[in-house]
Amino acid sequence: MSEDIKKGLLGIVVDETEVSKVMPEINSLTYRGYAAQDLCAACRFEEVAYLILNKDLPNSIQLKKFEKEEKDHRELSKNLYEIIKHMPKKSHPMDVARTAVSVMGLEDKETSNSSPEANMRKALRIFAKTPTALAAFYRIRKGKKIIKPKKDLTFAENFFYMCFGKVPQREIVKAFDVSLILYAEHSFNVSTFTARTITSSLSDIHGAITGAIASLKGPLHGGANEEVMHMMRKIKKPENALKWINNALKNKEVVMGFGHRVYKSGDSRVPTMREYFGKVAKIKKDRTFEKIYDIVEKVMIKKKNIYPNVDYPTGPTYHLMGFDTDFFTPIFVISRITGWSAHIMEQHAANKLIRPLASYKGNKHRKVMQLNQR
Ligand code: CMC
């Protein structure tokens, strides 16, 4: 491979952003300058969503207005409910999310208006409606009646309500809210870069988010939280964990939920999520996955010097909350829509078509032969 190829754009700075940064001086992911874990301690997810989209934390009047708008847009069109009802029950919910956002683009009156004001309105609509679409599919595929969104519930409470028909206790909702805050934004990761690349041709926000969802689905990105759960299920009990991880390392397997392109000595989101995973495990009186978690982590750090990323604690936390495993990455989606939207708006505000080059290693020039001569 030629020297100047940076496969995977490793180490390449491609643009500027004001949305988020991993700040080495505080060893933390920050959104608009605030450490993600501080936001978890002080805010609800709606406040962080506002921050990411509007560049600053809201005061109470701004928050009330933002929440009202989000609640007013939760409902789906009859058409979209019908489409979801007719989707194959075996579809991966990430594909459902991707298709639902695409349909929202067909229905939105402002699809072709990419002005900053229209983009903000559309971002809010996508943010408000996507959880409803996912929860509707969650119910339909189990043969249950769709539960419509409720305006007197917070974003997190409403998602639980639409999936399960009830809101769990406060600590569980808080743990879910924390996971949404931690998943909301992470600079130029693959799905965000996908969204920005789509935007760079001056395409619309529904298309950019549809593409971002497809990108997030992969197991090397958002799909890792589902893979973590599959791994934990394979391990089954704490007594099996040591043998399992040693075997995986011997076979040079990639252990899901570990490693990161940016963090090389620990993902700053993990301690917060680990704490809430512990709280949920305690409430649910099920420490099995916590014990497996600790054993696998210890070996990965000791033998490979590779630390867990945020997908490692979110996987078993969502499982204990009662979500089906293939809904873990869709939960990531409903949060990351905020980060994607902020980046899409940032790209529009200072756009340059993203068009890298490739080093060609195919055939030399060849003459085209007529069909009967080939
Ligand atoms: N298990 C075992 N070995 C690993 C792992 C892992 N999870 N992660 C990295 N390594 C090894 C890798 O094999 C390589 O070893 P060697 O140099 O001997 O070939 C070395 O560490 C460097 O890894 P890399 O794959 O070149 O690093 P990268 O920056 O390209 O990849 C990653 C980062 C996240 C794709 C990778 O760590 C990985 O595949 N992790 C598992 C999937 C995962 O948990 N993804 C979630 C990422 S964070 C949240 C998100 O974005 O959704």
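1. Details of the layout of surface pockets
- Roughly 1,500 Å³ of internal volume is contained in the largest pocket.
- Together, 49 residues line the largest pocket, and Phe188, Asn189, His260, Arg261 and Val262 are the ones closest to its centre.
- Broken down by secondary-structure element, the contributors of at least two residues to the lining of the largest pocket are strand E1 (20-23), strand E2 (28-31), helix H9 (190-200) and helix H16 (328-349).
- In terms of residue count, E1 provides more of the lining of the largest pocket than any other element does, four residues in total.
- Class assignment for the residues of the lining of the largest pocket results in 22 nonpolar, 17 polar and ten charged.
- Two domains each put at least three residues into the lining of the largest pocket: domain 1 (16-218 + 326-349) and domain 2 (224-321).
- Roughly 390 Å³ of volume is contained in the second largest pocket.
- Lining the second largest pocket are 20 residues, with Lys55, Ala342, Met345, Glu346 and Ala349 sitting closest to its centre.
- Looking at the lining of the second largest pocket, the elements with two or more residues in it are helix H2 (45-54), helix H6 (116-140) and H16.
- When grouped by side-chain class, the residues that make up the lining of the second largest pocket number eight nonpolar, five polar and seven charged.

2. Points about the packing of aromatic side chains
- Under the defined criterion, the tally for this structure stands at 23 aromatic pairs.
- Measuring from ring centre to ring centre gives 4.6 Å for Phe127 and Phe155, while their planes differ by 10°; the resulting arrangement is stacked. Taken together, the residues Phe127 in helix H6 and Phe155 in helix H7 (residues 155-164) connect sequence positions 28 residues apart. Each of the two residues, Phe127 as well as Phe155, counts as buried.
- Ring centres of Tyr293 and Tyr312 lie 4.1 Å apart, and the angle between their planes is 25°; this geometry places the pair in the stacked category. Note that Tyr293 is positioned in helix H14 (residues 288-304) and Tyr312 in helix H15 (residues 311-321), a separation of 19 residues in sequence.
- One aromatic cluster in this structure is built from Tyr138, Phe159, Phe160, Phe164, Phe176, Tyr318, Phe323, Phe327 and Phe328.
- Taking NZ or CZ as reference, Lys142 lies 4.8 Å from the ring centre of Tyr138, over its face.
- For Lys150, the ring lying beneath its charged end belongs to Tyr161, and the centroid distance is 4.9 Å.

Quick notes on the rules
- Residues numbered from 1 in each chain as written.
- Predicted model: local features only at pLDDT ≥ 70, side-chain atom pairs only at ≥ 80, totals over all residues.
- Heavy atoms only, no water.
- 1 Å grid on protein atoms, 1.4 Å probe; cavity = no way out; pocket = protein on both sides within 12 Å on 5 of 7 lines; lining within 4 Å.
- Points joined across faces, edges and corners; volume = space filled by probe spheres on them.
- Helix = DSSP H or I, 4+ residues; strand = E, 2+ residues; numbered from the N terminus.
- Nonpolar A, V, L, I, M, F, W, Y, C, P; charged D, E, K, R; others polar.
- Domains from an automatic or database assignment.
- Phe/Tyr/Trp six-rings, centres within 6.5 Å; stacked < 30°, edge-to-face > 60°.
- Buried < 20%, exposed > 50% of the residue type's maximum accessible area, 1.4 Å probe, protein only.
- Lys NZ or Arg CZ within 6 Å of the ring centre and 35° of its normal.

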